[in-house]
There are 2 protein chains.
Amino acid sequence: MKILISNDDGISSAGIYALAQELKKIGDVTVVAPLTEQSAVGHAITMKLPLRVKKHYINNEFFGYAVDGTPADCTKMGVRNILQMNPDIVVSGINHGSNTATNTIYSGTVSAAREAAIMDIPALAISVASHDVTDFTLAAQIAARFCMLVKEKGLTRGTLLNINVPDKPKEEIKGILLTKQGKSKWDDIYEKRVDPYGKDYYWLTGTLVPLDTSMEYDECAVKNDYVAVTPIHFDLTDHETYDKMHSWNIPDLSL
Amino acid sequence: MKILISNDDGISSAGIYALAQELKKIGDVTVVAPLTEQSAVGHAITMKLPLRVKKHYINNEFFGYAVDGTPADCTKMGVRNILQMNPDIVVSGINHGSNTATNTIYSGTVSAAREAAIMDIPALAISVASHDVTDFTLAAQIAARFCMLVKEKGLTRGTLLNINVPDKPKEEIKGILLTKQGKSKWDDIYEKRVDPYGKDYYWLTGTLVPLDTSMEYDECAVKNDYVAVTPIHFDLTDHETYDKMHSWNIPDLSL
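Residues numbered from 1 in each chain as written. Chains lettered and ligands numbered in written order. Predicted model: local features only at pLDDT ≥ 70, side-chain atom pairs only at ≥ 80, totals over all residues.

As for the sheet that holds strand E5 (residues 89-96) of chain B
All names here are of chain B.
Right, on to step 1. Spatial strand order, E3-E4-E2-E1-E5-E6-E7-E11-E8: nine strands in an open sheet with mixed pairing. In this open sheet, the two strands that pair with only one neighbour each are strand E3 (53-58) and strand E8 (175-178). Within the sheet, the average angular offset between the axes of one strand and its neighbour, ignoring direction, is 25°.
Right, on to step 2. Judged from the four bridges that link them, E8 and strand E11 (residues 226-233) form a sheet pairing that is parallel. (Pairing = 2+ DSSP bridges. Helix = DSSP H or I, 4+ residues; strand = E, 2+ residues; numbered from the N terminus. Axes fitted to C-alpha atoms, helices over the stretch in contact; angles between N-to-C directions.)

Some remarks on the interface of chain A and chain B
Right, on to step 1. Contacts between chain A and chain B engage 60 residues on the former and 60 residues on the latter.
Right, on to step 2. In terms of residue count, strand E11 (residues 226-233) of chain A provides more of the side of chain A that touches chain B than any other element does, five residues in total.
Right, on to step 3. Per-class residue counts for the side of chain A that touches chain B are 35 nonpolar, 16 polar and nine charged. (Contact = placed C-beta atoms within 7 Å. Nonpolar A, V, L, I, M, F, W, Y, C, P; charged D, E, K, R; others polar.)

Section: the packing of helix H1 (residues 14-23) of chain B against helix H5 (residues 137-153) of chain B
All names here are of chain B.
Right, on to step 1. Two elements in contact, H1 and H5, have axes separated by 9 Å at closest approach and are oriented at 45°. As judged from the angle between their axes, H1 and H5 are oblique. As H1 packs across H5, the resulting crossing turns out to be right-handed. Within the contact between the two elements, H1 uses Ala18, Leu19, Glu22 and Leu23 and H5 uses Thr137, Ala140, Gln141, Ala143, Ala144 and Cys147. (Parallel < 35°, antiparallel > 145°, perpendicular 65-115°, else oblique. Left-handed = near helix turned anticlockwise from the far one by under 90°.)

Regarding the packing of helix H2 (residues 71-83) of chain B against helix H4 (residues 108-118) of chain B
When two helices pack together, their arrangement is given by the angle between the helix axes and by the axis-to-axis distance.
Residues and elements named next belong to chain B.
Right, on to step 1. For the pair H2 and H4, the least separation of the axes is 7 Å and the interaxial angle reads 30°. Between H2 and H4, the interaxial angle falls into the category roughly parallel. The interaxial crossing formed by H2 with H4 has right-handed handedness. Residues Pro71, Ala72, Cys74, Thr75 and Lys76 of H2 form the contact with H4, whose participating residues are Gly108, Thr109, Ser111, Ala112, Glu115 and Ala116.

Here's the deal with the pairing of strand E2 (residues 28-34) of chain A
Residue and element names in this part refer to chain A.
Right, on to step 1. The element E2 is extensively covered by neighbouring structure, given that six of its seven residues are classed as buried.
Right, on to step 2. As judged from the four bridges shared by strand E1 (residues 2-6) and E2, these two strands associate in the parallel manner. Residue pairing for E2: Leu4 is matched across the bridge by Thr30.
Right, on to step 3. In terms of handedness, the path from E1 via helix H1 (residues 14-23) over to E2 forms a crossover that is right-handed.
Right, on to step 4. Of the strand pairs in this sheet, E2 and strand E4 (residues 62-67) are connected by three bridges, and their pairing is parallel. Directly across from Val32, in E4, lies its bridge partner Tyr65. (Buried ≥ 20, exposed ≤ 12 C-beta atoms within 10 Å, placed from the backbone. Right-handed = clockwise from strand over helix to strand, strands pointing away.)

Considerations on the sheet that holds strand E6 (residues 123-128) of chain A
All names here are of chain A.
Right, on to step 1. Reading across from one edge, E3-E4-E2-E1-E5-E6-E7-E11-E8 is the order of the nine strands in this open sheet, with mixed pairing throughout. For this open sheet the edge positions go to strand E3 (53-58) and strand E8 (175-178), each flanked by a neighbour on one side alone. For this sheet the average axis-to-axis angle between neighbouring strands, irrespective of direction, equals 25°.
Right, on to step 2. As defined by bridge partners, E3 adjoins E4 across six bridges and the pair is classed as antiparallel. Each bridged residue has a counterpart across the sheet, and for Tyr57 the counterpart in E4 is Phe63.
Right, on to step 3. Taken strand by strand, helix H2 (residues 71-83) contacts E1, E2, E3, E4 and strand E5 (89-96), and its axis lies near 135° from that of E2.

Structural notes on the relation of the copies chain A and chain B
Right, on to step 1. Under the fitted operation, chain A is carried onto chain B by 0.0 Å of movement along the axis and a turn of 180°, and the coordinates agree to an RMSD of 0.0 Å. The superposition of one copy onto the other is thereby described by a two-fold rotation axis. Closest to the rotation axis within chain A is the C-alpha of A:Gly42, separated from it by 2.7 Å.
Right, on to step 2. Here 100% of the interface residues in chain A have copies in chain B that are interface residues too; the copies meet face to matching face. (Least-squares fit on C-alpha atoms with pLDDT ≥ 70 in both.)

Re the nonpolar core
Right, on to step 1. Core analysis: the largest hydrophobic core is formed by 157 residues, its most contacted members being A:Val91, A:Leu124, A:Ala143, B:Val91, B:Leu124 and B:Ala143.
Right, on to step 2. By residue number, the principal contributor to this core is helix H5 (residues 137-153) of chain A, which donates nine residues.
Right, on to step 3. With near-sequence residues (within four places) excluded, B:Val91 lies in contact with B:Ile3, B:Ile5, B:Leu19, B:Leu23, B:Leu124, B:Ile126, B:Ala143 and B:Cys147. (Core = buried A, V, L, I, M, F, W, Y, C linked by C-beta atoms within 7 Å.)

What about the confidence of the model for chain A?
Right, on to step 1. Mean pLDDT over chain A works out to 95, with 100% of the residues at or above the 70 mark.
Right, on to step 2. Quick note on the complex model: pTM equals 0.94, ipTM equals 0.93. (pLDDT = per-residue confidence, 0-100.)

What about unusual backbone geometry?
Residue and element names in this part refer to chain A.
Right, on to step 1. Omega for the bond connecting Gly93 with Ile94 falls within 30 degrees of zero, at -5°, which places this linkage in the cis form.
Right, on to step 2. Among the secondary structure elements, Ile94 is positioned in strand E5.
Right, on to step 3. Even without being glycine, Asn60 reaches a positive phi, approximately 55°.
Right, on to step 4. Topologically, Asn60 is positioned in the loop between E3 and E4.
Right, on to step 5. When the 5 C-beta atoms within 10 Å are taken as the criterion, Asn60 is described as exposed.
Right, on to step 6. Backbone geometry places Ala101, a non-glycine residue, at a positive phi of 45°.
Right, on to step 7. Relative to the helices and strands, Ala101 resides in the loop between E5 and helix H3 (103-106).

Here it is as structure tokens:
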């Protein structure tokens, strides 16, 4: 099993190391990850600037490739120029912090996996719901488990699995659930501050307000100590609204 | 009608000027746009760095606000700190270049509008299918028309309209169609080059291969001289695969 690994926390993060160590047990692993942290970059891709690739010695144990770009760049570069072939699966993570509900949109971790889905390669994104994770072992094992499951069952073309693991000891986790992307709202504001030269600057601050109360949704499941597995895709069409909008009679509009 | 305008080409682009001039006829316009071009940034949001906001005199005619961030940052900053209230609609564009099919994912133009949808504000993204647009008049008029239509008919919460206009004279455009996000594939590679110091660098290059042949899809409609109007949302859940994946019996998996 050929596995390409990326992330958004950067090639030196503890999460990608734990993931690579675990996935080496089930396949041939190549790590291609951002040189520096790329959180909340969304699905950015670098076109106006060139990229550089450097071999990077991870934890003095094995080589990976560091790219001075975004997570999606890393997937593309990994597949097109480093592997020069499609791997069997692309796994992105393990992220420090959950990527559930609305945060799925902003997530660099998800975008590295989604870039693979766009390229018709099965993919997983895996995150632990804490910014101060102490142990990635369980999440790494879950990633390996789902690599095997995807291999066995197959995944719809263009679909990826977005997996979120609570930051709890194994014995406190209640199980694994199939979920949907939850609804949430950022109650945010830019805090105004003044720099040492008397000029204003603004810093984003706020809290995520979850809007779901059912375990059917990723955010709620993770909050209640379940591992959440959400199949996502890149067809953004709102099919329900599309059906409703036939009543707008758009083709009858004159220019 | 209170209208917030943003884009990804930057506050000095011809597209945003044309859009603002036209929308002033139907409402009270505020422009909050990136200081510099932000194409293909996807739905990036700035959290690790502060933002600065500067009043910017557009074409020596009116003031807007330039933010040294991404399109999504501009929407958030515009709503939260500049307007300090929800506008009736957020309009993003007019983009130089189409944002159809897979490109919808990478688009900064779409992300500015999607950020509004996340904030429960109706939104439009509007693009002209050429990087060398000579006349934005028609696209600006179409944006104004759809602002009025959205006001009249309403839009599902969390949905935005992604509008793409062919770069053709009005008389050559065949009409307006309600469409879905098309399928396409980037046939791409990083071209390897060598810098003046003998070091390798890589530049993304490639062509978009459309995979649809029906006018039901945005890319195909625009290629065939129709204006394409696609309702999109930010629920990335692949509901079809979700239903199928019940057969994986995920809750029965042991940890």
